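Per-entry structural report
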Amino acid sequence: DAGVTQSPTHLIKTRGQQVTLRCSPKSGHDTVSWYQQALGQGPQFIFQYYEEEERQRGNFPDRFSGHQFPNYSSELNVNALLLGDSALYLCASSLAGHVSEQFFGPGTRLTVL
Amino acid sequence: QQPVQSPQAVILREGEDAVINCSSSKALYSVHWYRQKHGEAPVFLMILLKGGEQKGHDKISASFNEKKQQSSLYLTASQLSYSGTYFCGTDYSGAGSYQLTFGKGTKLSVIP
């Protein structure tokens, strides 16, 4: 049983560029949440997708957008990259309506130069 | 609002015990504990729901004090594998959708 998978593992971009990160949830899960983790900090909630719609959103600008596909996989898009966007981006999956844990993927390390 | 974790860091010798606290100024519906090793994804430890229950798994247990809006993680007879950064994630919505707000983490180092 594959857990949460993310791609790519690492990414280097320059300021102003756009980036797309991908996530496949754990088998049987239908909800995907995205988090940003800066060095030495806890993960910070970006948004959550369920039934192909953004259900909740944290305090992030509109430059951050996402999508969920019918197979529950998800993408995170960041436009007009800033140096401060450099971080580990984590995807977590869960099953809606159940009191159960969120499983995290290994993350994508984004470096903005 | 970000929960406050204490201590920020702790060093233990194998076999010693530790307590990590997570406090919130807002009413909590659930608290989720994770451990993250350097360069790896956070690994789920346990969930505690509103109601003050205590949970345990092997030598790691946790409690949730609803009156104080505080959760504590107890690690007994620590092992080298317990080293890592422990995060509490708090759920304020109660909607079961787990928009978690994480603390800054507690770095635990277990030495021989």
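Treat the numbers as computed from the prediction; the structure is a model and nothing was measured.

1. Some points on the interface of chain B and chain A
Facing the 15 residues of chain B at the interface are 23 residues of chain A. For the chain B and chain A pair, buried surface summed over both sides reaches about 1,600 Å², with 55% attributable to carbon and sulfur atoms. When contributions to the side of chain B that touches chain A are tallied by element, the ones reaching two or more residues are β4 (30–36) and β5 (43–49) of chain B. Looking at the side of chain B that touches chain A, the element that brings in the most residues is β5 of chain B, giving 3 residues. Considering only residue class, the side of chain B that touches chain A consists of 10 nonpolar, 4 polar and 1 charged.

2. Things to note about the layout of surface pockets
Reported here for the largest pocket is a volume of approximately 470 Å³. Looking at the largest pocket, it is lined by 22 residues, and the ones nearest its centre are Gln37 and Gly40 of chain A together with Gln36, His38 and Thr85 of chain B. Counting only elements with at least two residues in the lining of the largest pocket, the list comes to β9 (84–91) and β11 (106–111) of chain B. The biggest single contributor to the lining of the largest pocket is β11 of chain B, with 4 residues. Residue composition of the lining of the largest pocket, grouped by class: 5 nonpolar, 12 polar and 5 charged. In this model, the second largest pocket occupies a volume close to 250 Å³. Lining the second largest pocket we find 16 residues, and of these Pro43, Gln44 and Phe45 of chain A together with Thr101 and Phe102 of chain B sit closest to its centre. Residue assignment for the lining of the second largest pocket shows that the elements contributing at least two residues are β4 (31–37) and β5 (44–50) of chain A together with β10 (101–102) of chain B. Partitioned by chemical class, the residues of the lining of the second largest pocket number 5 nonpolar, 11 polar and no charged.

Calculation notes
Residues numbered from 1 in each chain as written. Chains lettered and ligands numbered in written order. Predicted model: local features only at pLDDT ≥ 70, side-chain atom pairs only at ≥ 80, totals over all residues. Heavy atoms only, no water. Contact = heavy atoms within 4.5 Å. Buried area = accessible area lost by both parts, 1.4 Å probe. Helix = DSSP H or I, 4+ residues; strand = E, 2+ residues; numbered from the N terminus. Nonpolar A, V, L, I, M, F, W, Y, C, P; charged D, E, K, R; others polar. 1 Å grid on protein atoms, 1.4 Å probe; cavity = no way out; pocket = protein on both sides within 12 Å on 5 of 7 lines; lining within 4 Å. Points joined across faces, edges and corners; volume = space filled by probe spheres on them.

Fair warning: the whole summary comes from geometry, so function is off the table for now.
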